[in-house]
Amino acid sequence: MFDLDRWNEIWHALMKNKVRSLLTAFGVFWGIFMLIVMAGAGNGLSNGIVEGVGKFATNSAFLWTNRTGEPYKGFKRGRYWNMDSEDLKIIKEKVPEVQILSPKNFGSNNNSGPNTVRGLKNGSFNIKGDYPEYVQIDPVTVEQGRWINQIDIMEKRKVCAIGTKVFETMFESGENPLGEYLKISGVYYQVIGVIKPETRVNINGRTEESVFIPFTTMQQTYNMGNDVHFLAITSIPGVPVSVVEEKVKDIIKKRHSISPSDTQAINSVNIEKQFMQMRGLFLGISILTWIVGIGTLMAGVIGVSNIMLVIVKERTKEIGVQRALGARPVTIISQIMLESVALTTIAGYIGLSLGVGLLELINRIMESQPKSSEEVFFRNPEVSISVAVASLIVLIVAGLFAGSIPAKRALQIKPIEALREE
Amino acid sequence: MIALNNVHKSYVTGNNSLHVLKGLDLEIGAGEFVSIMGPSGSGKSTLLNILGILDDYDEGSYILNGKTIKGLTETQSAITRNEMIGFVFQSFNLISFKNAKENVALPLYYKKISRRKRNQIALEYLDRFGLKDWADHLPSELSGGQKQRVAIARALIAQPKIILADEPTGALDTTTSLEVMQILKDVNDQGITVIIVTHEHDIAAMTRKIIRLKDGMIEETIINGELKMYRDRVRTDKTYQYV
């Protein structure tokens, strides 16, 4: 196999028609290049989204209220209504499958003009009232201080945890924010912590630009009474969150005189379902990638096979001479096969390298873009080593396949026919 | 060395069957220098192909060096060709992208002799034919006579028992033809059987035995001493004029 003469022959055969060899090789090159780039892009999309979702609890659902869609029990259609703190107790009692129940209220948001003041600095942020449990669903990194705790809730303390953007706006860099006060919608709160989101899931405004105060504090301070705007729930392991979601909805509807068939009054997002859909999408993308990639590769391989047939035909006489001089059929076959494998493997290898190179380049460019990549849902396009190895094996097999028909044809050449004078 | 006994060969194309060799008997001893002549269609190419194990025959027997040649596999016949027979062709059939040395070394490559060794042997053979300085030239850079000498060197390098030459001078001018014939004669002097197919009387006359074929049979066999007589007869006898 590593006979210099044989490789010499292959080299000469391919170099005899440089353009043709090049065009043929390009077919295989393009096939594998497409396969790698598409697989990499698919992975990048998947990585980006998976990273965006991060450690977000996948067994979670979110509920919030909307105007009613049907008249019921004497109430008109289109009624505004709110959940209340009583709902929480009843849900906890009646639905044992609920693991975490975390209500959330919204104060003024960053569209409503500057709502936060400290000395000469001011800013407009999203004010949210939260329970300590919320970070178990949407994890955050506590950069300084702490997150809201149970005592804050019980005592309705006027404290707040602020997002990193809030810290940057309201404080000098390097300043210690802990213990300082922010005036939010007219009320002073002491800063207890600075937090940074771990996911890119945002509910009612970006987490970095939000100020979190205890849920109970918000209800009291801003005259919300018992109102609950938003509910985050997770199910205990082994129970699909959609089961819990339905039970919770039924309880709430019953308590607030909403028609059981009203689909509009309670909005909800089921993260579990979204996740399933996403997984399906990625599977679809990767299947498509392989179908298209292998299809392109096949086209290239058929091209190689075709060219090899032409080469065999052109070299009929030469093969005849070799047979007359005592070349065994095995020698001839292995020569044609090697030629084909060499062509596909070299072309494929170049395609593989360039494909991986392109992905790496995209990766570098994306990483060098400071911070703006936070919003990008495309990350680390890459192919695993197993994909690379698999495609190399596919190439060699494809080369053998491409060579087998021309080799068979070469074998059918009888020396006398080849040597017959025209 | 070579013994053909009642050999028949037909070529079948569609419904037509062409009976080319019709019970040929032929015996060629070791070290003979033989030419085969005959008009086109007389079966001389077919005979050469059978002798060279390039083609099989239908009936009869062919014994080469004590071994019956019949129904060999491709691999077996390739090995036998490689060991026993050297071919020289009218159009030289050198491999165009290999230089003279590599062309000469080719049969040894099929014998799986190491590259260095076979190149060294090839160089010796080229030297014998005065082509050492041309060893690294491609066939396209050689003259017709040089090409044929390279081809003869290639035929000899595997030390065959028989040289089969198909119109070896067909593409050469008179002077180079004579040179090539001289080389073949020298080869024969070393004890190698040389069989050439030709239609040129001058060339045939330089061999020691002429076998004339006609319609798939041996019409006559003329041995050395009778050659002159034969030549005279050819000149006078009109029936042979256009042969």
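The residue count restarts for each chain, going from 1 along the sequence in the order it is written. Whichever chain is written first is A, and whichever ligand is written first is 1; the rest continue in order. In view of the model being predicted, local features appear only for residues whose pLDDT reaches at least 70, and side-chain atom pairs are presented and counted only at 80 or more, with totals across whole chains, interfaces and linings using the full set of residues. As a convention, hydrogens and water are excluded, and side-chain values are obtained from all of the structure's heavy atoms.

The helix and strand inventory of chain B stands at 8 helices and 10 strands. Relative accessibility thresholds used throughout: buried, under 20% of the residue-type maximum; exposed, over 50%; partly exposed, between the two (1.4 Å probe, protein chains only). Per-residue burial over chain B gives 52% buried out of 243 residues. We call two residues in contact when some of their heavy atoms are within 4.5 Å. Expressed as a percentage of contacts within chain B between residues at least 6 apart in sequence, the contacts between residues at least 24 apart total 67%. A 1.4 Å probe and the Shrake-Rupley method give the accessible areas. Residues count as covered only by the protein chains that appear here. Accessible surface computed for chain B: about 11,000 Å², of which carbon and sulfur atoms make up 48%. Every helix listed is a DSSP run of H or I at least four residues long, and every strand listed is a run of E at least two residues long, numbered separately from the N terminus.

Moving on: the overall build of chain A. In terms of regular secondary structure, chain A is built from 13 helices and 14 strands. By residue count, 48% of the 422 residues in chain A fall in the buried class. In chain A, once contacts between residues fewer than 6 apart in sequence are set aside, the share between residues at least 24 apart is 79%. Carbon and sulfur atoms make up 60% of the accessible area of chain A, which totals about 20,500 Å².

Moving on: the sheet that holds strand β2 (residues 16–28) of chain B. All names here are of chain B. Between any two strands, at least two bridges found by DSSP are needed for them to pair. Taken in spatial order, the 4 strands line up as β2-β1-β4-β5 in an open sheet, and their pairing is antiparallel. Among the strands making up the open sheet, the edge pair consists of β2 and β5 (67–68). Across 5 bridges, strand β1 (residues 2–13) lies against strand β4 (residues 59–64) in antiparallel orientation. Following the sheet pairing, A3 is matched in β4 by I63. Between N-to-C directions, angles span 0 to 180 degrees; the directions come from axes that are lines fitted to C-alpha atoms, helices contributing only their stretch in contact. Each of β1, β2 and β4 is contacted by helix α1 (residues 44–51), which is oriented at about 120 degrees to β1, the strand it contacts most.

A word on the packing of helix α5 (residues 144–156) of chain B against helix α6 (residues 174–189) of chain B. Working note: a packed helix pair is described by the angle between its axes plus the distance between those axes. Residues and elements named next belong to chain B. Running from N to C, α5 and α6 cross one another at 15 degrees; their axes reach a closest spacing of 10 Å. Taken together, the axes of α5 and α6 are roughly parallel relative to one another. Where α5 crosses over α6, the two elements pack in a sense that is right-handed. Between α5, through G145, Q148, R149, I152 and L156, and α6, the contact on the second element is made entirely by T176, E179, V180, I183, L184 and V187. Here the angle decides the label: under 35 degrees means roughly parallel, over 145 means roughly antiparallel, 65 to 115 means roughly perpendicular, and every other value means oblique. Crossing handedness is defined as follows: a turn of the near helix away from the far one that is anticlockwise and smaller than a right angle gives a left-handed crossing, while the clockwise case is right-handed.

Our next topic: the interface of chain B and chain A. Interface size is commonly expressed as the accessible surface area that is lost when the partners come together. Taken together, the contacts link 27 residues of chain B with 26 residues of chain A. Together chain B and chain A conceal approximately 2,600 Å² of surface at their shared face, both sides included; 55% is due to carbon and sulfur atoms. Defined here as a combined quantity, buried area equals the accessible surface (1.4 Å probe) lost by two parts on assembly, summed across both. A per-residue breakdown of the area chain B buries against chain A is headed by F97(B), Y109(B) and Y110(B), which together make up 28% of the total. For this analysis, a salt bridge means a side-chain nitrogen from Lys or Arg found within 4 Å of a carboxyl oxygen belonging to Asp or Glu. Linking chain B with chain A are 1 salt bridge, by the criterion used here. Across the pair E74(B) and R323(A) runs a salt bridge whose closest N-O atoms are separated by 2.4 Å. Residues adjacent in sequence count toward polar contacts only when both atoms are side-chain atoms; beyond that, a polar contact is any pair of N or O atoms within 3.5 Å, and within protein one must be able to donate a hydrogen and the other to accept it. Viewed at the interface, chain A and chain B are joined by 4 residue pairs in polar contact (both at pLDDT 80 or more). Listing elements by their share of the side of chain B that touches chain A, those giving two or more residues are α2 (74–84), α3 (100–110) and α4 (115–128) of chain B. Of all the elements, α2(B) adds the most residues to the side of chain B that touches chain A, at 6 residues.

Glancing now at the sheet that holds strand β7 (residues 162–166) of chain B. Within a sheet, adjacent strands bond to each other through the backbone by hydrogen bonds, running parallel or antiparallel. Residue and element names in this part refer to chain B. Strand order in the open sheet formed by 6 strands is β6-β7-β8-β3-β9-β10, and the pairing between neighbours is mixed. Two strands in the sheet have a free side with no partner beyond their single neighbour: β6 (85–88) and β10 (217–223). The average undirected angle you get between the axes of adjacent strands in this sheet is 20 degrees. Relative to β10, strand β9 (residues 209–214) runs antiparallel, the two being bridged by 6 bridges. Across the sheet, R212 pairs through a bridge with E220, a residue of β10. The sheet contacts of α5 involve β6 and β7, and relative to β6 the element is tilted by about 170 degrees. On the sheet, α6 packs against β3 (33–37), β7 and β8 (193–197) and is oriented at approximately 150 degrees with respect to β8.

Right, let's talk about the packing of aromatic side chains for a bit. Residues and elements named next belong to chain A. Ring geometry is summarised as follows: Phe, Tyr and Trp rings, the Trp one being its six-membered ring, pair when their centres sit within 6.5 Å, and such pairs are stacked at plane angles under 30 degrees, edge-to-face over 60 and tilted between the two. Summed over the entire model, instances satisfying the criterion amount to 13 aromatic pairs over all chains. Pairing F106 with F230 gives two aromatic rings, centres 5.7 Å apart and planes at 65 degrees, and the pair type is edge-to-face. Of this pair, F106 sits in strand β3 (residues 98–106) while F230 sits in strand β13 (residues 230–235), and the two are 124 residues apart along the sequence. When its relative accessible area of 5% is taken as the criterion, F230 is described as buried. Seen from their ring centres, F167 and F171 are 5.6 Å apart, and the 25 degrees between their planes marks the pair as stacked. We note that F167, like F171, is buried. An aromatic cluster is built from F56, F62, W64, F106 and F230, whose rings are joined through pairwise contacts. Its guanidinium or amino end placed over the ring of Y134, K104 lies 3.8 Å from that ring's centre, counting from NZ or CZ. Here, a charge over a ring means that NZ of Lys or CZ of Arg falls within 6 Å of the ring centre while also lying within 35 degrees of the ring normal.

The next subject is the environment of N176(A). Residue and element names in this part refer to chain A. Examined against the element boundaries, N176 turns out to sit in the loop between α6 (164–170) and β9 (181–184). Residues N176 and V191, 15 residues apart in the sequence, show an inter-C-alpha distance of 9.9 Å. Of the polar contacts made by the side chain of N176, one reaches the backbone nitrogen of L178; its length is 3.1 Å.

With 92% of its residues at a pLDDT of 70 or more, chain B has an overall mean of 87. Here the predicted complex carries an ipTM of 0.82, next to a pTM of 0.66. A residue's pLDDT is the confidence the predictor assigns to it, expressed on a 0 to 100 scale.

Residue and element names in this part refer to chain A. For I184, the location among the structural elements is in strand β9. Here I184 falls in the buried class, since its relative accessible area comes to 0%. If sequence neighbours within four positions are ignored, I184 has contacts with N115, T116, I127, C160, Y189, V211 and Y222.

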